[in-house]
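# Working through the structure, step by step
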Amino acid sequence: MIELIGVTKRFGSETAVNDISLRVERGELCALVGTSGCGKSTTLRMINRLIEHSEGEIHLEGRQVREFDEQVLRRRIGYVIQSTGLFPHWTVARNIGLVPRLLKWPRAKVEARVEELMTLLDLPIAQFGGKYPHQLSGGQAQRVGVARALAADPDILLMDEPFGALDPITRESLQLELRELQSRLHKTIVFVTHDMDEALVLADRLVVMHGGRIVQQGTPLELLRDPADDFVASLLGGNDRGLKETTLLRVGERMLPLSPRLLPQARIHRNASLRQALAVMFREHADRLAVVDDNDMPVGELSLRRLVGARRDD
C-alpha cells in the first residue's frame, strides 16, 4: 500500500531522514518509534507531501506520490495530529464533514456519513453535533479528529502522536477504541509515537528509527525477543522487555484445559493479556486462575508456571 525506497530528507545541511526503505502492507498498522528528533514525524509527513522528500521514491499503490496533485493526495489520506487541528469556529458536525464537502459529496450523503462516524466513535450527533471544539474534553476532541480523518473513507490513515497530550486513562481508552476500529475497518495506518507501550499494544509491525535511519523493523514480539542492538533493547524497556511481552500474549494461548482438580476462585477472561493475569495473581495472592469465556463459564486454567512459559505444571 505504501512503499518508501531509499528516501532521504535534508533541511539545509541537516539530514533528518537518511536513505530509508519501508513497505507498509494493506490493512497493516505500522508504528514508527524512536527518540525525539529521529525522523519519524518527518517520514510520516513525506507520505502525504506535507514535507517533500529530497531523494528516493515514495509510492502509494505503486504510483509515485509526486504524480498526484497535492490536494487530491491529501484528501484521500486521513491525517490525525496531537492537537486535533479542528476549526474552533465550526461545530463538531461541520468539522467532521469537511473533506466530503470538499470532494463535493451530496449534502444528504455528507450528513449520513457524519452521523455514522459520530455513532461509531460514541459521540451521539444529537448531543455533540452542534457543539464547538472548546466545549469538548480532550478525549472527545481527539475522537472528532479521528472521525474527520475517516470521513471520506480513505484507505490510508496517518497518525502523528494522536494521543500524546491526553491523560493516561483517556489515552488507554482511545487506544482500545482504535484497536476495535481497526479490527472492523482494516485501514492501512502509519502511527507515530514515542510511547513504546502504546506502540506495542497497537502495532502489527514496529519500525525503530535512530538518527534518521531505520535500525530495525518487525513484529512487536520479534523485536522484544531479538533486539538488533543495545539501543533497540533500551528503547523497548531494557530489563523490562519480558514484562512488556506479557502485554502481547493472551491467556488463551497459555491456559491448560479443565482438569478434575478444583478450580481456583480467582478468574480471568481468556482474551485478557498475560500481564493482566499476572496482576490478578498478585492482587489475589494466587498462583492459579480459572479461565472463563464471555459467559463467565470456565474453559481452562492458568498457573504461574504456564504464564511464564514453563512447559508443564507442578
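Source: prediction; values computed, not measured. (Residues numbered from 1 in each chain as written. Predicted model: local features only at pLDDT ≥ 70, side-chain atom pairs only at ≥ 80, totals over all residues. Heavy atoms only, no water.)

## So, the sheet that holds strand β3 (residues 29-33)
In space, the six strands of this open sheet follow the order β6-β7-β8-β3-β9-β10, with mixed pairing throughout. The sheet is open, and its two borders are formed by β6 (77-81) and β10 (213-218), each paired with just one other strand. Averaged over neighbouring strand pairs, the angle between their axes works out to 15 degrees when direction is ignored. The pairing of β3 with strand β9 (residues 205-210) spans four bridges and is classified as parallel. Bridge pairing links A31 to L206 in β9. Across the face of the sheet, helix α1 (residues 40-47) comes into contact with β3, β6, β7 (156-160), β8 (188-192) and β9 while running at roughly 150 degrees to β7. Sheet strands in contact with helix α7 (residues 138-150) are β6 and β7, and its direction is about 165 degrees off that of β6. (Pairing = 2+ DSSP bridges. Helix = DSSP H or I, 4+ residues; strand = E, 2+ residues; numbered from the N terminus. Axes fitted to C-alpha atoms, helices over the stretch in contact; angles between N-to-C directions. Contact = heavy atoms within 4.5 Å.)

## Describing the packing of aromatic side chains
Where two aromatic rings form a pair, the distance of their centres and the angle of their planes describe that pair. Scanning the entire structure with this criterion turns up two aromatic pairs. Relative to W90, the ring of F87 lies with its centre 4.6 Å away and its plane at 45 degrees, an arrangement referred to as tilted. An angle of 55 degrees between the planes, with centres 6.1 Å apart, marks the rings of F163 and F191 as tilted. A residue pair is termed long-range when its members are at least 10 positions apart, and F163 in the loop between β7 and α8 (168-185) and F191 in strand β8 qualify at 28 residues. Looking at F163, the relative accessible area reads 2%, which means it is buried. Judged by its relative accessible area of 1%, F191 falls in the buried class. Note that K9 overlies the ring of F11, its terminal NZ or CZ placed 5.0 Å from the centroid. Against the face of W105 rests K109, its NZ or CZ located 4.2 Å from the ring centre. (Phe/Tyr/Trp six-rings, centres within 6.5 Å; stacked < 30°, edge-to-face > 60°. Buried < 20%, exposed > 50% of the residue type's maximum accessible area, 1.4 Å probe, protein only. Lys NZ or Arg CZ within 6 Å of the ring centre and 35° of its normal.)

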